[in-house]
Amino acid sequence: MGLRLKTATTISAIFLAVIGATYLLFSMFLLSEFKGLERARTVKNLERVSQAIDAVKTDLGNRALDWGHWDESLSFVEGENPQYVESNLNYEALVPFELKHVIFLGRDKRLVYGASVSSADEATSPLAPGILPSLLSNEKIAAFLEEPTEGALTGLLLLDGRPTFVAVSTVT
């Protein structure tokens, strides 16, 4: 083995050792820092999503409470205000609230009124057959309907296979 070959081998070994050490230092320190930053950013984004969901639930709950405390809603549920649907539950009235479904139940949990709001058709349509049973089979909603509490019950449910914000309030 000549001097040139020994020198080339030694320089190559040193070069590979420096590259290996650099990689180890990079992966141990810098990558762990990047992972920590990414983890912190993910947690922050998840908190923002959670806050946005809470804001939507609060807003929807407040709307349900407003409609529930409205005298016209009560007279409608009691069968004394048939023009309520035409004046308050038409497409133009519901679109600003970004609602997909509107459901009014009587005290006996029978459907007084139910409709779906379709942005594509720009109209309301009868409630899809599976929506009401899905809502009534939910344990929290069923418990709320049995023993209503102050305020509105809000949450996220899967309706027709899609996550849907739901708010339930009494009409008083």
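Here, every reference points to the structure presented above.
Residues numbered from 1 in each chain as written. Predicted model: local features only at pLDDT ≥ 70, side-chain atom pairs only at ≥ 80, totals over all residues. Heavy atoms only, no water.

1. Description of the pattern of salt bridges
- Applying the stated criterion across every chain yields a total of three salt bridges.
- Put simply, D59 and R63 hold a salt bridge, and the shortest N to O gap is 2.8 Å. Placement of both D59 and R63 in helix α1 (residues 3-68) is noted, with a separation of four residues, approximately one turn of the helix.
- Since its relative accessible area comes to 36%, D59 is described here as partly exposed.
- Among the residues examined, R63 registers a relative accessible area of 23% and is labelled partly exposed.
- Among the ionic pairs, R110 bridges to D108, the shortest N-O distance being 3.5 Å.
- The class of D108 is exposed, set by a relative accessible area of 52%. (Salt bridge = Lys/Arg side-chain N within 4 Å of Asp/Glu carboxyl O. Helix = DSSP H or I, 4+ residues; strand = E, 2+ residues; numbered from the N terminus. Buried < 20%, exposed > 50% of the residue type's maximum accessible area, 1.4 Å probe, protein only.)

2. Notes on the pairing of strand β3 (residues 123-126)
- In terms of strand pairing, strand β2 (residues 111-118) meets β3 through four bridges, oriented antiparallel. Considered in β3, the bridge of S118 is made with A123.
- If you look at the hairpin formed by β2 and β3, you'll find four residues sitting between the two strands, and E122 has a positive phi there, around 50°. (Pairing = 2+ DSSP bridges.)

3. A closer look at the environment of I53
- Examined against the element boundaries, I53 turns out to sit in helix α1.
- Classification of I53 by relative accessible area gives partly exposed; the value is 29%.
- Apart from residues lying up to four places away in sequence, I53 is in contact with L156 and F165. (Contact = heavy atoms within 4.5 Å.)

4. Let's talk about unusual backbone geometry
- Of note in the backbone geometry, E98 takes a positive phi value of approximately 55° without being a glycine.
- Note that E98 resides in the loop between α4 (91-94) and β1 (101-105).
- In the Ramachandran plot, E122 falls in the positive-phi region, its phi being about 50° despite a non-glycine side chain.
- Looking at the element boundaries, E122 is found in the loop between β2 and β3.

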